[in-house]
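Residue-level structure breakdown
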Amino acid sequence: MAVVGVGRDIEKLRALERHLNLPDRLATLSIDVTREEAPRRIVDFTVERFGHVNFLVNNAGIGRPKPLHEADDATFDSVLALMLRAPFRLCREALPHMPPGSAIINITSTFALLGGIRGGAYSAAKAGLHGLTTHIACQYGTLGVRANSVAPGVTETPMIAGRIEDPVFRKMNIEMTPHTRLGKVNDVASTVAFLCSPGGEFINGQQIAVDGGWSATKWLSEFGRSSSWVPPAA
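The structure reproduced in this document is the subject of the present report. These figures come from a predicted structure and were not determined experimentally.

Moving on to the packing of aromatic side chains. If you walk through the whole model with that rule in mind, you get one aromatic pair. With a centroid separation of 6.2 Å and an interplanar angle of 80°, the aromatic rings of Phe111 and Tyr122 are classed as edge-to-face. Linking Phe111 in the loop between strand S4 (102-107) and helix H4 (120-140) with Tyr122 in helix H4, this pair joins segments that are 11 residues apart in sequence. The pair formed by Phe111 and Tyr122 is uniform in burial state, with each residue classed as buried.

Following this line, the structure appears as structure tokens:
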């Protein structure tokens, strides 16, 4: 495949170019996807370079969500602008350039599958993004364009670097995941790659959790089961 990498950080994009060293199959564009002109610029750039769009992966996001009572309108607007409005507009812009056999993969979250502490606008955006996914699957599936969501659990990226040692964060994630480790970037990337492969051609309108079983089970580690329960202060 040829890949167009899009992001705000031009240094990360340059690092990607150096790492892959495939100038004939990789193009990058530094832009904020929330800008009004961004979707058209991204799609025009892609079509001019490679002729069409086979796969669109909407992966831009931010962490550290706030619960409803702490989130002001500005927070709500900025979160939805990045994680719902921008994917909506990118999908709309890309669709005319997607031939039969194409696919859209939206990166949602386990917080789109079930209620999450401190979810707030983040949960609303991610759940809305899967709603967009199922609409696209229904509306455009007969034209040969599939759409699916990938819902990662806690994944080892710089986004969680400052939180992994937080005891509450560890209890909610590590102690409640029936697996030997947390998620890694390649766990998510390989799922996306599969959905873009011939093996994924009959998968449409689905949301696949990549979370080690966190959202599908009520597992609790031995540490969690043996810890003393401390009632909250009155």
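Moving on from the coordinates now.
Membership of the largest hydrophobic core comes to 30 residues, with the highest contact counts inside it found for Ile42, Leu56, Met98 and Ile104. Put simply, the parts of the chain that give this core at least two residues each are helix H2 (38-50), helix H3 (73-94), H4 and strand S5 (145-152). Among all residues touching Ile42, those that are not within four sequence positions of it are Val6, Leu29, Ile31, Val33 and Leu90. With nine residues, the next largest nonpolar core counts Ala103, Ile105, Ile107 and Leu195 among its residues.

We now examine the packing of H2 against H3. A packed helix pair is summarised by two numbers, namely the angle formed by the two axes and the spacing between the axes. Interhelical geometry of H2 versus H3 gives an angle of 40° and a closest axis separation of 9 Å. One way to sum up the angle between H2 and H3 is to call them oblique. Handedness of the crossing formed by H2 with H3: right-handed. Facing Pro39, Arg40, Ile42 and Val43 of H2, the residues of H3 in contact are Arg89, Leu90, Glu93 and Ala94.

Okay, the packing of H3 against H4 next. Relative to each other, H3 and H4 sit at 15°, their axes nearing to 8 Å. Compared by their axis directions, H3 and H4 come out roughly parallel. Crossing of H3 over H4 shows right-handed handedness. Contacts from Phe76, Val79, Leu80, Met83, Leu84, Pro87, Phe88 and Cys91 in H3 reach Ala121, Tyr122, Ala125, Lys126, Gly128, Leu129, Leu132 and Ile136 in H4. Tallied by class, residues from the contact of H3 with H4 come to 14 nonpolar, one polar and one charged.

The rules behind these values
Residues numbered from 1 in each chain as written. Predicted model: local features only at pLDDT ≥ 70, side-chain atom pairs only at ≥ 80, totals over all residues. Heavy atoms only, no water. Phe/Tyr/Trp six-rings, centres within 6.5 Å; stacked < 30°, edge-to-face > 60°. Helix = DSSP H or I, 4+ residues; strand = E, 2+ residues; numbered from the N terminus. Buried < 20%, exposed > 50% of the residue type's maximum accessible area, 1.4 Å probe, protein only. Core = buried A, V, L, I, M, F, W, Y, C linked by side-chain atoms within 4.5 Å. Contact = heavy atoms within 4.5 Å. Axes fitted to C-alpha atoms, helices over the stretch in contact; angles between N-to-C directions. Parallel < 35°, antiparallel > 145°, perpendicular 65-115°, else oblique. Left-handed = near helix turned anticlockwise from the far one by under 90°. Nonpolar A, V, L, I, M, F, W, Y, C, P; charged D, E, K, R; others polar.

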